[in-house]
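One letter stands for each residue in the lines below.
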Amino acid sequence: MRGLMARIADFVRESDKILLLLCFFASSYGCLAVFSATNYMGSPRAVIVQALCMLLGIFAACVISTIDLEQFSRYWFLAAAIGLIPVILTFFIGFAPEGTDDKAWLNLGFTTFQPSELMKICFVVTFSTHLAKVKKDINKIKVLLPVCAHGALPVLLIFVQGDAGTALVFAVMVVCMLMAAGVSWKYFLTAISAAVVVSPIAYFFILNDDHRKRIVNMFDIDADIQGVGWQQYRGRLALANGGFTGQGYLNGTLTQMGKAGVPEGHNDFIFVTIGEELGFLGCIVVLILLIAIILRILRIAHICTKDEGKYICIGVFAMLLAQMVINIGMCTSITPVIGITLPFFSAGGTSLLCLFLGIGLVLNVYMHRNSRTLYLRD
């Protein structure tokens, strides 16, 4: 009992309560948006799941933050197994929920589960551990190649699974973490040059017809309004309806029509729902909350004296930044629709719960940011 009370006291004294509060406000705002976007269904199930996963996620984040940071490095192989095995299972027993075209989910009977969300968090742990161990020699080819292979594994695995959007998020995480580890700009320049050379091959022979149509639609938003451009077209109408102050909570013309209004208005296009009902002001609040969370995580990375902790923060930062930019880009017709959720706001218990696991890792880094942390029990 004394040990438990000491850990609680450690958390109250040492944790970053500002970051936790920002995440709580963002996810609470998300619950309100999900309730409105699913109001047409006549069932509160979606928002109940969202709220329960938010509370469970906050609890899990608090628990994770009190664990000795070195334990994550020591048992990195467990994180690897927890992240990889469920994803591999989707190739055999995965299924595609209504509205999706890739079998990236597992049916647990009482609910569904998207393993790639958990894999993001596990990857942050394993890749941070790897980078911390080889930091001094990171720019030696014999060291960098295995590191790159480690980073490429989840990107390729998720892409083959059919989820190009999540694969892109993984790629951003890998690049940001490599930059934080001090990989020479010469390697990045070489990689960019190689990507430019092979991009035509990737476009014509690796991407499928749907991917190519979405890319074309990005440059010509009216190219296929009745096809791949339909969702973004309806999203633009909804945002225009919202104006500066919105049409009012639960009163969005297209939002309250459900799928007939804006498809996935509770999930990938939750930003559109907020824009129509709460207007430009509602969208600004979303951006302020997300940017504040991201900057807070960067601050923790900056003050952390441990390499692994710094890389963990950069990994979670990159994940949030990539999802935010891509999702809002999708909703405003700047980027193609590739099935990326808006962190803390989009409906999805798996996504929200795993997101809080990542926040728990950042809180852990903050609590163990110095070379030695004093505990009351010591």
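One can find the structure itself at the top, above this paragraph.
Parameters at a glance
- Residues numbered from 1 in each chain as written.
- Predicted model: local features only at pLDDT ≥ 70, side-chain atom pairs only at ≥ 80, totals over all residues.
- Heavy atoms only, no water.
- Helix = DSSP H or I, 4+ residues; strand = E, 2+ residues; numbered from the N terminus.
- Buried < 20%, exposed > 50% of the residue type's maximum accessible area, 1.4 Å probe, protein only.
- Areas by Shrake-Rupley, 256 points an atom, 1.4 Å probe, with all protein chains shown as cover.
- Lys, Arg positive; Asp, Glu negative; His and termini not counted.
- Charge placed at Lys NZ, Arg CZ, Asp CG, Glu CD.
- Salt bridge = Lys/Arg side-chain N within 4 Å of Asp/Glu carboxyl O.
- Phe/Tyr/Trp six-rings, centres within 6.5 Å; stacked < 30°, edge-to-face > 60°.
- Axes fitted to C-alpha atoms, helices over the stretch in contact; angles between N-to-C directions.
- Parallel < 35°, antiparallel > 145°, perpendicular 65-115°, else oblique.
- Left-handed = near helix turned anticlockwise from the far one by under 90°.
- Contact = heavy atoms within 4.5 Å.
- Nonpolar A, V, L, I, M, F, W, Y, C, P; charged D, E, K, R; others polar.

Asks: Before we move on, could you go through the overall build of the protein and cite the residues and values that matter?
Replies: Scanning the protein from terminus to terminus reveals 14 helices and two strands. Projected onto its principal axes, the C-alpha positions of the protein cover 60 × 55 × 40 Å. Burial statistics for the protein: of 378 residues in total, 50% are counted as buried. Surface accessibility of the protein: about 17800 Å² in total, with carbon and sulfur atoms responsible for 70%. Distance between charge centroids for the protein: 11 Å, based on 27 positive and 23 negative side chains.

Asks: Pulling in residues and values, what's your account of the pattern of salt bridges?
Replies: With the rule as written, the count across this model stands at six salt bridges. Note that Asp307 and Lys135 form a salt bridge whose closest N and O atoms lie 3.2 Å from each other. Of the two residues, Asp307 is situated in helix H13 (residues 307-331) and Lys135 in the loop between helix H6 (115-134) and helix H7 (141-161); the sequence distance between them amounts to 172 residues.

Asks: Give a description of the packing of aromatic side chains that names residues and reports values.
Replies: As enumerated under the stated definition, the model contains ten aromatic pairs in all. Relative to Phe280, the ring of Phe244 has its centre 5.8 Å away and its plane inclined at 25°; by these criteria the two rings are stacked. Within this pair, whereas Phe244 is found in the loop between helix H11 (230-242) and helix H12 (270-303), its partner Phe280 is found in helix H12, the two being separated by 36 residues in sequence. Phe280 gets classed as partly exposed once you look at its relative accessible area, which sits at 47%. Within the aromatic cluster, the residues linked to one another by ring pairs are Tyr75, Trp76 and Phe77.

Asks: Give me the packing of helix H3 (residues 45-65) against helix H14 (residues 349-367): which residues, what numbers.
Replies: Where H3 contacts H14, the two axes come as close as 7 Å, and the packing angle between them is 25°. The angle between H3 and H14 falls in the class roughly parallel. Remark: the crossing between H3 and H14 carries right-handed chirality. Facing Val49, Gln50, Cys53, Met54, Leu56, Gly57, Ile58, Ala60, Ala61, Ile64 and Ser65 of H3, the residues of H14 in contact are Gly349, Leu352, Leu353, Phe356, Leu357, Gly360, Leu361, Leu363, Asn364 and Met367. Class assignment for the residues of the contact of H3 with H14 results in 15 nonpolar, six polar and no charged.

Asks: For the packing of helix H8 (residues 164-180) against H13, give the residues involved together with the corresponding values.
Replies: A packed helix pair is summarised by two numbers, namely the angle formed by the two axes and the spacing between the axes. Running from N to C, H8 and H13 point in directions that differ by 140°, and their axes come no closer than 8 Å. Relative to H13, H8 is oriented oblique. H8 and H13 meet at a crossing whose hand is right-handed. Between H8, through Leu168, Val169, Val172, Met173, Cys176, Met177 and Ala180, and H13, the contact on the second element is made entirely by Tyr311, Ile314, Gly315, Ala318, Met319, Ala322, Gln323 and Ile326. Looking at the contact of H8 with H13 residue by residue, the class counts come to 13 nonpolar, two polar and no charged.

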